[in-house]
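Read off the chains here:
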Amino acid sequence: MENKPIKEITVSGIRPTGKVHLGNYLGAIKNFVTMQDEFETCYYFIADYHSLTTHNNADLLPVNVRRSLATYLACGLDPEKAIVYLQSDLPQIPELYLLLNMFAHKGELEKCTTFKEKIRTPGQTVNAGLLTYPVLMAADIIIHKATKVPVGKDQQQHLEMTRTFANRFNHLTNSDFFPEPQGFSYGNSLIKILSLDGKGGKMSKSDENENNAIYLTDSDKEITKKIKKAKTDTGPTEKNSPLTPGIEALFGIMDCVSNPEIVADYKEQYANCTIKYGYLKLQLAEDLVKYIAPIRETIFEIENNQEYLKSVVEKGGEKARESATKTVDGVRKLLGINYF
Ligand code: ADP
Ligand code: TRP
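Residues numbered from 1 in each chain as written. Chains lettered and ligands numbered in written order. Predicted model: local features only at pLDDT ≥ 70, side-chain atom pairs only at ≥ 80, totals over all residues. Heavy atoms only, no water.

### Quick look at the side chain of arginine 163
Part 1 of the reasoning: By the secondary structure assignment, arginine 163 is in helix H9 (residues 156-172).
Part 2 of the reasoning: Sequence-distant contacts of arginine 163, defined by excluding residues within four places in its chain, comprise Glu180, Pro181, Gln182 and Gly183. (Helix = DSSP H or I, 4+ residues; strand = E, 2+ residues; numbered from the N terminus. Contact = heavy atoms within 4.5 Å.)

Structure follows, in structure tokens:
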């Protein structure tokens with residue numbers, strides 16, 4: 001790997017739980033791609049164990065894993081620049097997960113917002129994997145001693161918990177073995193792309209209604225239809241009104257994919273109540289189609305090339321295991337699992 005300006009380690013992953021959407025791309029994958037040229041060592045993986053906490057379908061998993069992997073590559077991840085692998089190809093992950101469980105308190109896991117949300121989902125079994133989800137995520141991150149984690153805003157609390165477990169481990173073993181990882185996004189803060197249902201929640205893979213998310217595999221027609229149907233209000237009636245969630249969702253996407261001057265112009269029209277949502281939607285649909293079409297075509301091309309996908313994760317897995325083994329050896333020693 002060539003010499004890169006930032007001498008830090010970065011790690012991130014996405015769960016193979018369905019079609020990758022614009023929120024996943026703008027909140028996470030797009031940053032992975034930029035970071036691979038700047039950060040010394042980049043680990044990007046498919047969090048297949050994490051998907052089993054909520055999605056247990058043995059027929060769908062391989063399809064979703066291959067598609068997620070193809071999406072990484074289609075979005076521009078380069079296996080020569082970044083280490084791309086599958087979580088389940090690292091046996092050191094379950095070992096570190098088990099050991100870190102001794103440093104995670106039941107009460108703090110139960111208080112985790114994503115846990116509380118997930119157990120409210122009708123039909124969701126409250127399995128122990130769901131409760132200890134943040135411990136597994138912490139293992140993913142600190143196994144490479146990463147300091148920067150490109151994720152969307154929804155992962156902030158998980159990262160806080162990762163820092164808690166890492167610090168507790170350091171404290172109890174009287175060491176400074178693990179550094180503190182921080183969330184990362186280009187721009188000022190972690191981002192949240194909103195659902196198109198106008199309710200203010202995040203765009204999500206688990207949304208039952210496919211019209212609420214734009215997927216990277218959507219056709220031009222589907223993209224246009226979804227934007228046209230996106231829920232908004234009847235328009236501002238008072239100057240400088242705050243954005244309602246529906247229009248905030250559309251501006252949020254526009255900020256990422258459209259010409260900044262055009263976006264500023266629409267924001268001005270919103271502020272002075274002259275905006276026509278129909279025109280804004282047409283503009284956004286056109287810009288989104290241009291943005292997504294090349295990614296979509298590449299995903300379809302790569303996902304059928306299983307030999308290539310396999311070779312990428314074999315090579316990545318080997319490198320990731322090297323770093324993971326070193327960390328787990330160190331953890332075992334510090335815990336006294338080192339008898340003869
Ligand atoms: P989902 O939440 O849609 O099931 P994942 O949990 O696999 O997707 O998330 C993968 C990455 O995408 C994470 O870094 C997450 O923070 C980011 N992400 C997910 N949804 C959004 C969103 N709506 N806006 C910004 N980032 C998001
Ligand atoms: N929890 C993350 C999500 O739902 C996925 C994930 C698992 C992850 N392990 C990670 C993200 C490690 C960053 C680093 O999106």
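That shown, we press on.
### Here we look at the nonpolar core
Part 1 of the reasoning: Ile29, Tyr72, Ile214, Phe251, Ile253 and Leu288 are the most contacted members of the largest nonpolar core, which totals 59 residues.
Part 2 of the reasoning: For this core, the element with the most residues is helix H13 (residues 277-303), which contributes ten residues.
Part 3 of the reasoning: Per-domain counts for this core show at least three residues from each of domain 1 (6-185 + 305-335) and domain 2 (210-301).
Part 4 of the reasoning: Here isoleucine 29 is in contact with Ile14, Val20, Asn24, Thr71, Tyr72 and Cys75, once residues within four sequence places are set aside. (Core = buried A, V, L, I, M, F, W, Y, C linked by side-chain atoms within 4.5 Å. Buried < 20%, exposed > 50% of the residue type's maximum accessible area, 1.4 Å probe, protein only. Domains from an automatic or database assignment.)

### Focus: the packing of helix H10 (residues 220-229) against H13
Part 1 of the reasoning: At a minimum axis separation of 9 Å, H10 and H13 run at an interaxial angle of 150 degrees. Note that H10 runs across H13; the crossing there is right-handed. Here Asp220, Ile223, Thr224, Ile227, Lys228 and Lys229 of H10 come into contact with H13, specifically with Lys281, Leu282, Leu284, Ala285, Leu288, Val289, Ile292, Ala293 and Arg296.
Part 2 of the reasoning: Of the residues belonging to the contact of H10 with H13, the class tally is nine nonpolar, one polar and five charged. (Axes fitted to C-alpha atoms, helices over the stretch in contact; angles between N-to-C directions. Left-handed = near helix turned anticlockwise from the far one by under 90°. Nonpolar A, V, L, I, M, F, W, Y, C, P; charged D, E, K, R; others polar.)

### A short note on the packing of aromatic side chains
Part 1 of the reasoning: If you walk through the whole model with that rule in mind, you get 13 aromatic pairs.
Part 2 of the reasoning: With centroids separated by 5.5 Å and ring planes inclined at 75 degrees, the aromatic side chains of phenylalanine 39 and phenylalanine 184 adopt a geometry described as edge-to-face. Separated by 145 residues along the polypeptide, phenylalanine 39 in strand E2 (residues 39-46) and phenylalanine 184 in strand E5 (residues 182-184) bring together distant segments of the chain. As far as the burial class goes, phenylalanine 39 and phenylalanine 184 line up, both buried.
Part 3 of the reasoning: For the pair phenylalanine 184 and tyrosine 186, a centre-to-centre distance of 4.9 Å together with 85 degrees between the ring planes defines the contact as edge-to-face.
Part 4 of the reasoning: Over the ring of tyrosine 215 we find lysine 19, and its NZ or CZ is 4.7 Å from the ring centre.
Part 5 of the reasoning: Directly above the aromatic system of phenylalanine 177 lies the positively charged group of lysine 145, at a separation of 3.6 Å from the ring centroid. (Phe/Tyr/Trp six-rings, centres within 6.5 Å; stacked < 30°, edge-to-face > 60°. Lys NZ or Arg CZ within 6 Å of the ring centre and 35° of its normal.)

### Section: the domain arrangement of the chain
Part 1 of the reasoning: Each domain of the chain was delimited in the assignment, giving domain 1 (6-185 + 305-335) and domain 2 (210-301).
Part 2 of the reasoning: Taking only C-alpha atoms, the centre of domain 1 and the centre of domain 2 are 31 Å apart.
Part 3 of the reasoning: If you look at the interface, domain 1 gives 13 residues, while domain 2 gives 16 residues.
Part 4 of the reasoning: For the domain 1 and domain 2 pair, buried surface summed over both sides reaches about 1200 Å², with 72% attributable to carbon and sulfur atoms.
Part 5 of the reasoning: Three residues, Lys19, Leu22 and Ala74, lead the burial of domain 1 against domain 2; their summed loss comes to 43% of the area buried on that side.
Part 6 of the reasoning: At the junction of domain 1 with domain 2, the criterion picks out one salt bridge.
Part 7 of the reasoning: Here glutamate 210 and lysine 19 are joined by a salt bridge, their closest N and O atoms 3.2 Å apart. (Buried area = accessible area lost by both parts, 1.4 Å probe. Salt bridge = Lys/Arg side-chain N within 4 Å of Asp/Glu carboxyl O.)

### Focus: the pattern of salt bridges
Part 1 of the reasoning: Tallied over the full model, the rule gives 16 salt bridges.
Part 2 of the reasoning: The partner of glutamate 80 in a salt bridge is lysine 315, and the shortest N-O contact between them spans 3.1 Å. Of this pair, glutamate 80 sits in the loop between helix H3 (60-74) and strand E3 (83-86) while lysine 315 sits in helix H14 (residues 306-335), placing them 235 residues apart in sequence.
Part 3 of the reasoning: Close ionic contact of glutamate 95 with arginine 332 constitutes a salt bridge, the shortest N to O distance being 2.6 Å. Taken as a pair, glutamate 95 in helix H4 (residues 92-101) and arginine 332 in helix H14 lie far apart in primary sequence, 237 residues in all.
Part 4 of the reasoning: Since its relative accessible area comes to 32%, arginine 332 is described here as partly exposed.

### Observations regarding the site of ligand 2
Part 1 of the reasoning: Around ligand 2, a shell composed of 13 residues is seen, among which His50, Tyr133, Met137, Asp140 and Gln155 lie nearest.
Part 2 of the reasoning: A distance of 2.7 Å is found between a nitrogen atom of ligand 2 and a side-chain nitrogen or oxygen belonging to tyrosine 133.
Part 3 of the reasoning: The contact in question runs from a nitrogen atom of ligand 2 to an N or O atom on the side chain of glutamine 155, over 3.0 Å.
Part 4 of the reasoning: Tallied by class, residues from the shell around ligand 2 come to seven nonpolar, four polar and two charged. (Near = heavy atom within 4 Å. Polar contact = N/O pair within 3.5 Å; in protein donor to acceptor, adjacent residues only side chain to side chain.)

### Some points on helix H1 (residues 22-35)
Part 1 of the reasoning: The end-to-end C-alpha distance of H1 is 18 Å, a good match for the 20 Å that 14 residues give at a rise of 1.5 Å each.
Part 2 of the reasoning: The axis of H1 is deflected most strongly, by about 35 degrees, at alanine 28.
Part 3 of the reasoning: Counting buried residues in H1 gives twelve out of 14 residues, a clear majority hidden from the surface.
Part 4 of the reasoning: Within the sequence span of H1, burial applies to Leu22, Gly23, Asn24, Tyr25, Leu26, Gly27, Ala28, Ile29, Asn31, Phe32, Val33 and Met35. (Expected span 1.5 Å × (residues − 1). Bend = angle between axes of the 7 residues up to and from the residue.)

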